[in-house]
Amino acid sequence: MRLAQLHRPLVVSAAALTVLAVLTGAGVLLDDRELVGAPLWLKPFKFSVSIAVYSVTIAWMLSLLDRRQRLGWWLGTVSVAALTTEIVIIVGQAARGRQSHFNNQTPFDSTLYSVMGATIAIAWVCTLILAVLLLIQRLPDRANALAVRFGLIVGLAGMMVGFLMTMPTKAQLDLPAGESPTIVGAHSVGVADGGPGLPLVGWSTTGGDLRAGHFIGMHALQALPLLGFLLALASRRFARLRPDQVRARLVTVAGLAYAALTGLTVWQALRGQSIVDPDALTLAAAGVALLATVAGTMWALSGPRTVEPTATEARMLSEVH
């Protein structure tokens, strides 16, 4: 695949966001102001990196389309417009020293937050349409095809976790009659946002945090296709990985395990439990998932020991005969 085949607006957006990540990263180091218990420029930095990675990933996935390429171009372009709007609002609110997410303090803040919600919904729908296109399209390598499809499905589920954060908390709903909450929604469950958290990501260490499942699930878009690529690379050295069916089985197991991990972290957060302080029930569920993954991996590696011809090779052989 050549660089020229990639969706240009997405590539340009990723490059611009990389520059923005450097600038906001410098802001984290040089500006000691804080907002909701975190460095003021940390959220713009994290979103710059995340959207840049997302843009490159979607640009690559769009290059896989054999048909409906025009539709694919529009999906990418609309995503760029939506996510550019979101990052502009996030950076602008940080520059004002205001909270970008969940902010209902003034009509202007509330409007900006509503626009952000719309942009994320648009990006999600665009990703969903791309997932449908790649689900119905035949891709040449079965393992890589499964990796892309699992990545999109789990990634979409992870993105949806963000919508759970927009729901008002019990404390916000229990305000006196006639009083409107200034903050609607939260990352944390069972504790207030802005409390003690893990370095960089900020996930709560005292209560549940939906950002963990959101982050893990969303990045299936990169993790699972990368696994497919690494398995193909490793198959050149390890004969056991050369059969397409073995690699396809391994990707299937990994996709299901990744989905289970995403579901487990969301379930844990919704129970108001910190990701660093799992209870016995969470540990038991994780243990079952781990055992199932190990058993699935053994099943995958017990597959055929002969290399099946690819679709192209099979067609060439049929033409010869």
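## Comments concerning the overall build of the protein chain
And then number 1: The helix and strand inventory of the protein chain stands at 11 helices and 4 strands.
And then number 2: By the compact-globule yardstick of 20 Å for 321 residues, the protein chain fits well, its C-alpha radius of gyration being 22 Å.
And then number 3: Summarising its shape, the C-alpha atoms of the protein chain cover approximately 80 × 50 × 40 Å along the three principal directions.
And then number 4: Burial statistics for the protein chain: of 321 residues in total, 40% are counted as buried.
And then number 5: By sequence separation, contacts in the protein chain at least 24 residues apart represent 69% of the contacts at least 6 residues apart.

## Looking at the nonpolar core
And then number 1: Counting residues in hydrophobic clusters, the biggest one holds 28 residues, and the most contacted among them are I58, M61, L130, L134 and L152.
And then number 2: Elements represented by at least two residues in this core include exactly helix 1 (8-30), helix 2 (42-62), helix 3 (69-95), helix 4 (107-136) and helix 5 (142-165).
And then number 3: For I58, the residues in contact, after removing those within four places along its chain, are L10 and L130.
And then number 4: Of all hydrophobic cores here, the second largest spans 9 residues; its members include A147, V246, A248 and A300.

## Comments concerning unusual backbone geometry
Excluding glycine, residues mostly carry a negative phi; peptide bonds, for their part, are mostly trans.
And then number 1: Even without being a glycine, V36 presents a positive backbone phi close to 50 degrees.
And then number 2: Summarising the element assignment, V36 is placed in the loop between strand 1 (34-35) and strand 2 (38-39).
And then number 3: Judged by its relative accessible area of 37%, V36 falls in the partly exposed class.
And then number 4: Backbone geometry at R68 places phi at a positive 55 degrees, although glycine is not the residue there.
And then number 5: Structurally, R68 can be placed in the loop between helix 2 and helix 3.
And then number 6: For R68, a relative accessible area of 44% translates into the label partly exposed.

## What about the side chain of D209?
And then number 1: You can see D209 is positioned in strand 4 (residues 208-209).
And then number 2: Of the polar contacts made by the side chain of D209, one reaches the backbone nitrogen of S204; its length is 2.9 Å.
And then number 3: Every residue in contact with D209, bar those within four places of it in the chain, is listed here: H187, S188, G202, W203, S204 and A269.

Cut-offs applied
Residues numbered from 1 in each chain as written. Predicted model: local features only at pLDDT ≥ 70, side-chain atom pairs only at ≥ 80, totals over all residues. Heavy atoms only, no water. Helix = DSSP H or I, 4+ residues; strand = E, 2+ residues; numbered from the N terminus. Rg over C-alpha atoms; globule rule 2.2 N^0.38 Å. Buried < 20%, exposed > 50% of the residue type's maximum accessible area, 1.4 Å probe, protein only. Contact = heavy atoms within 4.5 Å. Core = buried A, V, L, I, M, F, W, Y, C linked by side-chain atoms within 4.5 Å. Polar contact = N/O pair within 3.5 Å; in protein donor to acceptor, adjacent residues only side chain to side chain.

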